[in-house]
Amino acid sequence: VEVVESGGGPVQVGGSLNVSCVASENIFNKVGMGWYRQTGTERELVSYISSDGTITYSDSVKGRFTISQDNVKNTLHLQMFNLKVEDTAMYYCAFDYDNPFGYRSKTWGLGTQVTVSS
């Protein structure tokens, strides 16, 4: 399974941007999907949607970002509003699933860069 992100780019402070990711095929035994971001060496969770529909957001983006999924199209979206300079990062999408051997696996995309400037 390959995961490909898209939609990143430059944006000004206060602006909006949508990023999306798509899985190349159906992921069986999917546990959840999430968006992460990384600046430097640290990767942090931005938002996550579990297979039961539970959604979580990091405190830093709560109220500004919205995660959504399309299970038919195997896509995950992140709508970002009122962007701040500190939102600048490489954004990664990841799918969590239980593999045939019973282990939890995570598939990452290669990321899409979001750059917020004043």
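Residues numbered from 1 in each chain as written. Predicted model: local features only at pLDDT ≥ 70, side-chain atom pairs only at ≥ 80, totals over all residues. Heavy atoms only, no water.

Caption draft 1: Structural detail: the overall build of the chain. Per the secondary structure count, the chain includes 0 helices and 11 strands. Going residue by residue from the N terminus, the α and β elements of the chain occur as β-β-β-β-β-β-β-β-β-β-β. Computed over the C-alpha atoms, the radius of gyration of the chain is 14 Å, within 12% of the 13 Å expected from 2.2 N^0.38 for a compact globule of 118 residues. When its C-alpha atoms are laid out on the principal axes, the chain stretches across 50 × 25 × 25 Å. In the chain, buried positions account for 42% of the 118 residues. When contacts within the chain are restricted to residue pairs at least 6 apart in sequence, those whose partners lie at least 24 apart make up 54%. Accessible surface for the chain amounts to roughly 6400 Å². Of this, 51% is attributable to carbon and sulfur atoms. Of the side-chain charges in the chain, 9 are positive and 12 negative, and the distance between the mean point of each set is 4 Å. (Helix = DSSP H or I, 4+ residues; strand = E, 2+ residues; numbered from the N terminus. Rg over C-alpha atoms; globule rule 2.2 N^0.38 Å. Buried < 20%, exposed > 50% of the residue type's maximum accessible area, 1.4 Å probe, protein only. Contact = heavy atoms within 4.5 Å. Areas by Shrake-Rupley, 256 points an atom, 1.4 Å probe, with all protein chains shown as cover. Lys, Arg positive; Asp, Glu negative; His and termini not counted. Charge placed at Lys NZ, Arg CZ, Asp CG, Glu CD.)

Caption draft 2: Region of interest: the state of the cysteines. In this structure the tally under the stated criterion is 1 disulfide. Shown here is the disulfide that connects Cys21 with Cys93, its sulfur atoms set 2.0 Å apart. Taken together, the residues span a long stretch of sequence, with Cys21 in strand β3 (residues 17-23) and Cys93 in strand β9 (residues 89-98) at a distance of 72 residues. Take Cys21: its relative accessible area is 1%, and that puts it in the buried class. The class of Cys93 is buried, set by a relative accessible area of 0%. (Disulfide = S-S within 2.5 Å.)

Caption draft 3: Just the packing of aromatic side chains, in detail. Overall, the coordinates contain 2 aromatic pairs when judged by the stated rule. Taken together, a centroid distance of 4.8 Å and an interplanar angle of 65° make the contact between Tyr36 and Trp108 edge-to-face. Residue Tyr36 is located in strand β4 (residues 30-39), and its partner Trp108 is located in strand β10 (residues 104-108); the two are separated by 72 residues in the primary sequence. Owing to a relative accessible area of 11%, Tyr36 belongs among the buried residues under this scheme. On the basis of an interplanar angle of 90° and a centroid distance of 6.3 Å, the ring pair of Tyr92 and Trp108 is categorised as edge-to-face. Placement of the pair is Tyr92 in strand β9 and Trp108 in strand β10, with a sequence separation of 16 residues. (Phe/Tyr/Trp six-rings, centres within 6.5 Å; stacked < 30°, edge-to-face > 60°.)

Caption draft 4: The arrangement of the nonpolar core in detail. Within the largest apolar cluster, 25 residues are counted, with the highest numbers of intra-cluster contacts made by Trp35, Phe65, Leu76, Leu78, Met80, Tyr91 and Phe95. Of all the secondary structure elements, the ones that give two or more residues to this core are β3, β4, β5 (42-50), β7 (65-70), β8 (75-80), β9 and β11 (112-117). Ranked by the residues each element gives to this core, the list is headed by β9, at 5 residues. Those residues in contact with Leu76 that sit more than four places away from it in its chain are Val19, Ser20, Cys21, Met33, Gly34, Trp35, Ile49, Ile67, Ser68, Gln69 and Cys93. (Core = buried A, V, L, I, M, F, W, Y, C linked by side-chain atoms within 4.5 Å.)

Caption draft 5: Geometry of the sheet that holds β7. Pairing within the open sheet is antiparallel, and its 4 strands lie in the order β1-β3-β8-β7. Edge strands, defined here as strands with exactly one partner in the open sheet, are β1 (3-6) and β7. Within the sheet, the average angular offset between the axes of one strand and its neighbour, ignoring direction, is 15°. When β3 meets β8, the two strands line up antiparallel, connected through 6 bridges. Considered in β8, the bridge of Val19 is made with Leu78. (Pairing = 2+ DSSP bridges. Axes fitted to C-alpha atoms, helices over the stretch in contact; angles between N-to-C directions.)

This is a description of form; function is not addressed.
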